[in-house]
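Analysis of the macromolecular model
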Amino acid sequence: DTVDDTLLKFAVIIARSEGKLVFCKHHQRETWELPGGRREPGEPIEETAYRELMEETGASAFTLQPICVYSVTGKTRVNETGEESFGGLFLAEVHAFEPELHSEMERIALLDTLPDNWTYPLIQPKLLQEAQRRQVL
């Protein structure tokens, strides 16, 4: 559940709005993903989650709370070494969105069911399962 804060490189946010899950579609992909991204140097991980949620979804009014720390081992698009990497998982309740997105995301969707075509199918569905196991979702 915890690691040294300096090891946290990513934040993933399970966001809800109007009782539905918020998913993002990157303009270069045909897949869906939870909002999230890399931590910038010197940035607290909570600030990473806050910034990424705003950038990727256009969320303008929301609450944010940590759920847990997660780790991924193996090579991915963002981890070329394959070594274990760590991130923070957060839950957000979004109350308002900006009218337009100003990021690499093409659009967002509020969904009742999980998408079939995930950008990170081996990671993000497991993060949702963990949030359900912890009874925060």
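This structure is a prediction, so every number in the text was calculated from the model and none was measured. (Residues numbered from 1 in each chain as written. Predicted model: local features only at pLDDT ≥ 70, side-chain atom pairs only at ≥ 80, totals over all residues. Heavy atoms only, no water.)

Across its full length, the chain carries two helices and six strands. Order of helices (α) and strands (β) in the chain, N terminus to C terminus: β-β-β-α-β-β-β-α. In terms of overall dimensions, the chain is globule-like: its C-alpha atoms have a radius of gyration of 14 Å, near the 14 Å expected for 137 residues. The principal-axis extent of the C-alpha atoms belonging to the chain is close to 40 × 30 × 30 Å. Of all 137 residues assigned to the chain, the portion counted as buried reaches 45%. Of the contacts formed within the chain by residues at least 6 apart in sequence, a portion of 69% connects residues at least 24 apart. For the chain, the accessible area works out to roughly 7800 Å², and carbon and sulfur atoms hold 48% of it. (Helix = DSSP H or I, 4+ residues; strand = E, 2+ residues; numbered from the N terminus. Rg over C-alpha atoms; globule rule 2.2 N^0.38 Å. Buried < 20%, exposed > 50% of the residue type's maximum accessible area, 1.4 Å probe, protein only. Contact = heavy atoms within 4.5 Å. Areas by Shrake-Rupley, 256 points an atom, 1.4 Å probe, with all protein chains shown as cover.)

What follows concerns unusual backbone geometry. If you check the backbone angles, Glu-18 has positive phi at about 55° while not being a glycine. Note on placement: Glu-18 falls in the loop between strand S1 (8–17) and strand S2 (20–26). Not every positive phi belongs to a glycine, and Gln-135 is a case in point at roughly 60°. Of note, Gln-135 is situated in the segment after helix H2 (124–133). What makes Gln-135 exposed here is its relative accessible area of 70%.

Right, let's get into the nonpolar core. Grouped together as the largest cluster of nonpolar side chains are 18 residues, with contacts concentrated most on Ile-14, Phe-23, Leu-34, Ile-67, Tyr-70, Leu-89 and Leu-128. Counting residues per element, the ones that place at least two in this core are S1, S2, strand S4 (59–72), strand S5 (85–97) and H2. Of the residues forming this core, the biggest block, four residues, is contributed by S4. With sequence-adjacent residues up to four places away left out, Leu-89 is seen in contact with Val-12, Ile-14, Pro-66, Ile-67, Cys-68, Tyr-70 and Leu-127. (Core = buried A, V, L, I, M, F, W, Y, C linked by side-chain atoms within 4.5 Å.)

Here we come to the environment of Ser-85. Note on placement: Ser-85 falls in strand S5. On the basis of relative accessible area, Ser-85 is assigned to the buried category, the value being 14%. On a C-alpha basis, the gap between Ser-85 and Gly-74 in space is 8.7 Å, while along the polypeptide they are 11 residues apart. Sequence-distant contacts of Ser-85, defined by excluding residues within four places in its chain, comprise Phe-10, Tyr-70, Ser-71, Val-72 and Asn-79.

Quick look at H2 now. All of the buried residues along H2 are Gln-124, Pro-125, Leu-127, Leu-128, Glu-130 and Ala-131. Buried-residue contacts for H2 involve S1, S2, S4 and S5. One or two residues past the end of H2 sits Gln-135, with phi positive at roughly 60°.

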